[in-house]
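Residue strings, one per chain:
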Amino acid sequence: MTGETVAERAPAEREGRRARRRPRLRIALAVAAVVAAGGAATAAALATGGDRGGGRAAALPPGTAKVARETLSDTQTEDGQLGYGPTLTATSQARGTITWLPESGDEVTRGHRLYELDGDPVVLMYGSKPSYRPLRTGTEGSDVKRFEKNLSALGYGGFTVDGEYTSGTAEAVREWQEDIGAPQTGTVEVGRVAYAAGPVRVETLAANPGEPAAPGKKILTYTGTTQAVTVELDTADQRLAKKGARVEVTLPEGRPVEAEIDEVTTVIEPGGQNEDPATKVEVTIWLDSAAARKAAARYALASADVRFTAGRRENVLTVPVSALVALREGGFGVEVVRGGTSSYVPVETGLFADGKVEVSGAGIAEGALVGVPK
């Protein structure tokens, strides 16, 4: 049984050696291209026929490499930007005149005013959804429960946090309205509470005091108060972006700190003149651990290096990617060299990383010699 590295044989025997050596390089380069594009799992699709497993090669390969046992990690370092994460917009839900605005860089926490309309505060509360209707005695629903949670967290009582706006809730609201200097109606009107996921940091102002406000008018933009590193990846590198995956962040003149991926979103970047829009993967890494906060404390904005690990395999057998050859029956093999002869042995491939590939199969052992191009 004989082997060749691609399906096409040279028609003349005198071309045999040349035909067996060149295709190996072409296949190795093709596999490497797929791996570089994040397609290691589909590398087997490159097999186009050729060598049969177990077949003896007609001539020794031009070079050899040893099968190694090691830990293989698919890592990649990308440029990131230190800031405060995604920027969001606060819009008015009520009509009135803007009478007060915070300053850029101000931080606002639960129960404090985000801005003012007609001299009354629009108060920040924590929640994932905006308000959409007035809350008064008899109202029921998840929005009531969300508001009651905030009211309770601010220290008000006399009601149950259960999603039912009772007379006890209304009394607590009147007490709260008195404390913040708002009319004591016992009703929470739409536009008097602004919801955000947590404390906010004012980024920019989109309006000025004295301007009229109406539903939909942009008032200001804001971010979270915890610093974050944002990385923009090409879609070909999407394998790196897994929520919860550990990463290593290095800030200027600092030591690497560990963090984890918190958010992964797909964004469309508008194309310029005669350019198509580009799809990118945006990764947000919140620096919320004590070590990460300390490392970032001296910076407001800065560049950062982020080291991703898409895969890790410990104590596995590896060969150079260039050692892979296509087998006639499909799949991949390697040319194992023993003494003055060599033969083709089928292998199962695993993780691709750093120009190497994890392999397993009968006849593959640590220290064995496999053929590679020069």
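Cut-offs and rules
- Residues numbered from 1 in each chain as written.
- Predicted model: local features only at pLDDT ≥ 70, side-chain atom pairs only at ≥ 80, totals over all residues.
- Heavy atoms only, no water.
- UniProt positions renumbered as here; feature names shortened; annotations may be inferred.
- Helix = DSSP H or I, 4+ residues; strand = E, 2+ residues; numbered from the N terminus.
- Buried < 20%, exposed > 50% of the residue type's maximum accessible area, 1.4 Å probe, protein only.
- Contact = heavy atoms within 4.5 Å.
- Areas by Shrake-Rupley, 256 points an atom, 1.4 Å probe, with all protein chains shown as cover.
- Pairing = 2+ DSSP bridges.
- Salt bridge = Lys/Arg side-chain N within 4 Å of Asp/Glu carboxyl O.
- pLDDT = per-residue confidence, 0-100.
- Expected span 1.5 Å × (residues − 1).
- Polar contact = N/O pair within 3.5 Å; in protein donor to acceptor, adjacent residues only side chain to side chain.

- The name an unreviewed UniProt entry gives the protein chain is Peptidoglycan hydrolase-like protein with peptidoglycan-binding domain, with Actinomadura luteofluorescens as the organism.
- As recorded by UniProt, the Subcellular location (unreviewed entry) comment attached to the protein chain reads in full: "Cell envelope".

Concerning the overall build of the protein chain
- Counting secondary structure elements, the protein chain contains 4 helices and 22 strands.
- The buried share among the 374 residues of the protein chain stands at 43%.
- Counting contacts in the protein chain only where the partners sit at least 6 residues apart, residues at least 24 apart contribute 68% of the total.
- When the accessible surface of the protein chain is totalled, it reaches about 19,100 Å², and 47% of it is carbon and sulfur.

Observations concerning the environment of Ala153
- Checked against the element boundaries, Ala153 lands in helix H2 (residues 142–153).
- For the pair Ala153 and Gly111, spaced 42 residues apart in the sequence, the C-alpha separation amounts to 9.3 Å.

A look at the sheet that holds strand E4 (residues 96–100)
- Judged by pairing direction, the sheet is mixed, and its 5 strands sit side by side in the order E8-E7-E6-E4-E10 without closing on themselves. Whereas interior strands pair on both sides, the edge strands pair on one side only; in this sheet they are strand E8 (193–196) and strand E10 (212–213).
- Sheet topology places E4 next to E10; 2 bridges connect them, and they run antiparallel. Bridge assignment links Gly96 to a residue of E10, and that residue is Ala213.

Examining the pattern of salt bridges
- Tallied over the entire structure, the rule returns 15 salt bridges.
- For Arg113, the salt bridge is made with Glu116, and the minimal N-O distance between the two is 2.6 Å.
- By relative accessible area, Arg113 is classed as partly exposed at 35%.
- For Glu116, a relative accessible area of 13% gives the class buried.
- Where salt bridges share partners, they join Asp74, Asp237 and Arg239 into one cluster.

Topic: the confidence of the model for the protein chain
- When pLDDT is averaged along the protein chain, the result is 86, and 84% of the positions lie at 70 or above.
- Predicted confidence is poor over residues 1–52, with pLDDT under 50, and the contacts of this stretch with residues over four places away or in other chains come to 105 contacts.

Comments concerning the pairing of strand E17 (residues 302–320)
- Looking at chain direction, strand E2 (residues 68–83) and E17 are connected through 14 bridges and run antiparallel. Within E17, the position partnered with Thr77 by the bridge is Arg307.
- Two strands pair when backbone bridges link them, and strand E13 (residues 246–250) and E17 are joined in this way by 4 bridges, in the antiparallel orientation. Each residue of the ladder has a partner; that of Val247, found in E17, is Phe308.

Description of helix H3 (residues 167–180)
- Its 14 residues place the ends of H3 20 Å apart at the C-alpha level, agreeing with the 20 Å of an ideal helix rising 1.5 Å per residue.
- Taken together, the buried positions of H3 are occupied by Gly168, Thr169, Ala170, Ala172, Val173, Trp176 and Gln177.
- The secondary structure elements touched by the buried residues of H3 are strand E7 (120–126), H2 and E8.
- Measuring from the side-chain oxygen of the N-cap residue of H3 to the backbone nitrogen of Gly168 gives 3.3 Å; that N-cap residue is Thr166.

Regarding the sheet that holds strand E5 (residues 107–108)
- The sheet built from 4 strands is open, its strands ordered E3-E11-E9-E5 with antiparallel pairing. Looking at which strands have only one partner, the edges of the open sheet turn out to be strand E3 (88–91) and E5.
- The sheet contact formed by strand E9 (residues 200–205) and strand E11 (residues 218–224) spans 5 bridges and is antiparallel. Considered in E11, the bridge of Val202 is made with Tyr222.

What about H2?
- Its 12 residues place the ends of H2 17 Å apart at the C-alpha level, agreeing with the 16 Å of an ideal helix rising 1.5 Å per residue.
- Residues Asp143, Val144, Arg146, Phe147, Glu148, Asn150 and Leu151 constitute the buried set of H2.
- Of the surrounding elements, those touching the buried residues of H2 are E7, H3 and E8.
- Gly155 sits one or two positions beyond H2 and adopts a positive phi of about 100 degrees.

With respect to the side chain of Arg146
- Along the chain, the position of Arg146 falls in helix H2.
- In this structure Arg146 touches Tyr126, Gly127, Ser128, Lys129, Pro130 and Tyr195, once residues within four positions along its chain are discounted.

Describing the environment of Glu232
- Turning to its location among the elements, Glu232 is positioned in strand E12 (residues 228–234).
- As for Glu232 and Lys280, which are separated by 48 residues in sequence, their C-alpha atoms are 6.4 Å apart.
- Ignoring sequence-local partners within four residues, the contact set of Glu232 consists of Glu269, Lys280 and Val281.

So, the environment of Ala206
- Within the element layout of this structure, Ala206 appears in the loop between E9 and E10.
- Looking at Ala206, the relative accessible area reads 42%, which means it is partly exposed.
- Considering only alpha carbons, one finds Ala206 and Leu220, 14 residues apart in sequence, at a separation of 4.8 Å.
- Residue contacts for Ala206: discarding those within four places in its chain leaves Lys218, Ile219 and Leu220.

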